[in-house]
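Here is how the chains run, residue by residue.
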Amino acid sequence: MDALSDVLSLLKVRSGLSSRFEGEGAWAFRFPAYQHMKFGTVLRGRLYLRMADDAELRVIEEGDVYLLTNGRPFCSASVPGCEPLDGPATYRSIRGADGVVRFRGPGEVAPVSLASGRFIFEGDATSTLLRHLPALIHLRAADVAAHALSHVLALLKLEAGDPAPGSDVVKTSLATLVLVQALRAYIAGGELVDGWLSALSDVRIGAALSMMHGAPEQRWTIESLASSVGMSRTAFASRFRRMVGSAPLEYLYQWRMTIATTALKESDEPLISIAERIGYLSDTAFSIAFKRATGVSPGRYRMERRR
């Protein structure tokens, strides 16, 4: 399994809700801080986005997709300089029986249509995915059109605009696909800065990450990883730290603990089985490593999470 799929497989999307907004005239809304990630796509018109404490006004054109990843408040508008209203309160007050929010502001401004939603993740892999993402990922229509994401968005547009029985389940599933395909498109776009997603697209560091994720039970060393990807030990360790943000074996340790915490919360798998699955020769060695990472023993962690 590649590293991105591995992390996504441990992320439980508790909320992938999506909704439709139809706006006319001049309007602006402010939205408070949120958990984890929001996304949106402009179905028609043009949207202006401004993140809190950021002077830059982002222009999102028709067909574009955006991901907001750091939980900061933000404003959206049909025109720059419009005084923003309280977004959540306004949405609640005017949402139609069909779930679509329709707003009419003053002036003659081109209509704007949006499909948007949010992701709230459960799972210990959340920080791995989110910590190196930029505050705003902007995928332009030209890039989206040449990607599988365009087909998912077409289905999301249909479901958000014409709800049918089972629509909530379908929209949640489609929203999850939007996340996966948007991250793939972002990686393929080549605009990554150093970070975990950038490392995945690097031929050598990405290969090393895939090896660690594919076989966490292996007794990997810096030497064996460097040799496997055709680099010297020093060059590999330096490049890995720069791109990923941690040393190779520290990353491996953290990923092993992520697997362990997930298993302890969601299964009755014996400690020795978990230990062997992530590369520890005994449950005692695993317990020592786990307590160093979390501050509690595996048994207590399992009991407290179940409680």
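Residues numbered from 1 in each chain as written. Predicted model: local features only at pLDDT ≥ 70, side-chain atom pairs only at ≥ 80, totals over all residues. Heavy atoms only, no water.

What follows is about the confidence of the model for the chain. On average, the chain scores 86 in pLDDT, and the residues at 70 or more come to 90%. For the chain, per-element mean pLDDT is lowest for strand β1 (residues 12-15), which scores 68, and highest for helix α9 (residues 222-228), which scores 96. (pLDDT = per-residue confidence, 0-100. Helix = DSSP H or I, 4+ residues; strand = E, 2+ residues; numbered from the N terminus.)

This brings us to the environment of Met37. With respect to the helices, strands and loops of the structure, Met37 is situated in strand β4 (residues 37-44). The class of Met37 is buried, set by a relative accessible area of 0%. A C-alpha to C-alpha distance of 9.7 Å links Met37 and Arg72, two positions 35 residues apart in sequence. Excluding its chain neighbours within four sequence positions, the residues that come into contact with Met37 are Leu67, Leu68, Thr69, Arg118, Phe119, Phe121, Leu130, Leu133 and Leu179. (Buried < 20%, exposed > 50% of the residue type's maximum accessible area, 1.4 Å probe, protein only. Contact = heavy atoms within 4.5 Å.)

Our next topic: helix α11 (residues 248-266). Here α11 contains 19 residues, and its C-alpha end-to-end distance of 27 Å stays within 8% of the 27 Å for a straight helix at 1.5 Å per residue. Burial within α11 is extensive, with 14 of its 19 residues counted as buried. (Expected span 1.5 Å × (residues − 1).)

Turning our eyes to something else, we now look at the side chain of Glu22. Inspection of the secondary structure assignment puts Glu22 in strand β2 (residues 18-24). Polar side-chain contacts of Glu22 include one of 3.1 Å to the side chain of Ser113. Beyond its immediate chain neighbours, meaning those up to four positions away, Glu22 contacts Arg44, Val100, Val101, Arg102, Phe103, Val112 and Ser113. (Polar contact = N/O pair within 3.5 Å; in protein donor to acceptor, adjacent residues only side chain to side chain.)

This part is about the sheet that holds strand β3 (residues 28-31). The strand order β6-β5-β8-β3-β9 describes an open sheet built from five strands, whose pairing is mixed. If you trace the sheet from one side to the other, it starts and ends with β6 (58-61) and β9 (85-86), each paired once. With four bridges joining them, strand β5 (residues 46-51) and strand β8 (residues 74-77) adopt antiparallel strand pairing. Paired with Tyr48 across the strands is Ala77, a residue of β8. Packing of helix α2 (residues 87-94) onto the sheet brings it into contact with β3 and β9, and relative to β3 it is tilted by some 115°. (Pairing = 2+ DSSP bridges. Axes fitted to C-alpha atoms, helices over the stretch in contact; angles between N-to-C directions.)

Here we take up the packing of helix α1 (residues 3-10) against helix α8 (residues 203-214). Between α1 and α8, the least distance of the axes is 8 Å, while the angle of their chain directions is 45°. Considering the angle they form, α1 stands oblique to α8. Where α1 abuts α8, its residues Ala3, Asp6 and Val7 lie against Leu209, Ser210 and His213. Here the contact of α1 with α8 is composed, by residue class, of three nonpolar, two polar and one charged. (Parallel < 35°, antiparallel > 145°, perpendicular 65-115°, else oblique. Nonpolar A, V, L, I, M, F, W, Y, C, P; charged D, E, K, R; others polar.)

Moving on: the packing of aromatic side chains. Considering all chains together, one arrives at 16 aromatic pairs under this definition. Each ring, one from Phe21 and one from Phe29, has its centre 5.9 Å from the other, and the planes form 85°; the classification is edge-to-face. Of the two residues, Phe21 and Phe29, both sit in the buried class. Between Phe39 and Phe119, the aromatic rings sit 5.2 Å apart at their centres with planes inclined by 25°, giving stacked as the arrangement. Placement of the pair is Phe39 in strand β4 and Phe119 in strand β11 (residues 112-122), with a sequence separation of 80 residues. (Phe/Tyr/Trp six-rings, centres within 6.5 Å; stacked < 30°, edge-to-face > 60°.)

A word on the pattern of salt bridges. According to the stated counting rule, one finds 11 salt bridges in the structure shown. The salt bridge partner of Glu22 is Arg44, with a shortest N-O separation of 3.8 Å. Of the two residues, Glu22 sits in strand β2 while Arg44 sits in strand β4, which places them 22 residues apart along the sequence. Among the salt bridges present, the one from Arg239 reaches Asp202, with a minimum N-O distance of 2.4 Å. Linking Arg239 in helix α10 (residues 233-244) with Asp202 in the loop between α7 (196-201) and α8, this pair joins segments that are 37 residues apart in sequence. A relative accessible area of 29% places Arg239 in the partly exposed class. Asp202 sits in the buried class, given a relative accessible area of 13%. A cluster of three or more residues bridged by salt bridges with shared partners is formed by Arg20, Glu22 and Arg44. (Salt bridge = Lys/Arg side-chain N within 4 Å of Asp/Glu carboxyl O.)

Right, let's talk about the pairing of β8 for a bit. Looking at chain direction, β3 and β8 are connected through four bridges and run antiparallel. Of the residues in β8, the one forming a bridge with Ala28 is Ala77.

Okay, the environment of Thr261 next. Within the secondary structure, Thr261 is located in helix α11. Classification of Thr261 as buried rests on a relative accessible area of 6%. Remark: the alpha-carbon pair of Thr261 and Pro298, spanning 37 residues in sequence, is separated by 8.2 Å. Among the polar contacts made by the side chain of Thr261, one reaches the main-chain carbonyl oxygen of Thr258 at a distance of 2.9 Å.

This next bit is on the packing of α8 against α11. Where α8 contacts α11, the two axes come as close as 10 Å, and the packing angle between them is 35°. The crossing of α8 and α11 is right-handed. Side by side, α8 and α11 meet where Leu209, Met212 and His213 of the first sit next to Pro248, Tyr251, Leu252 and Trp255 of the second. When the residues that make up the contact of α8 with α11 are grouped by side-chain class, the tally is six nonpolar, one polar and no charged. (Left-handed = near helix turned anticlockwise from the far one by under 90°.)

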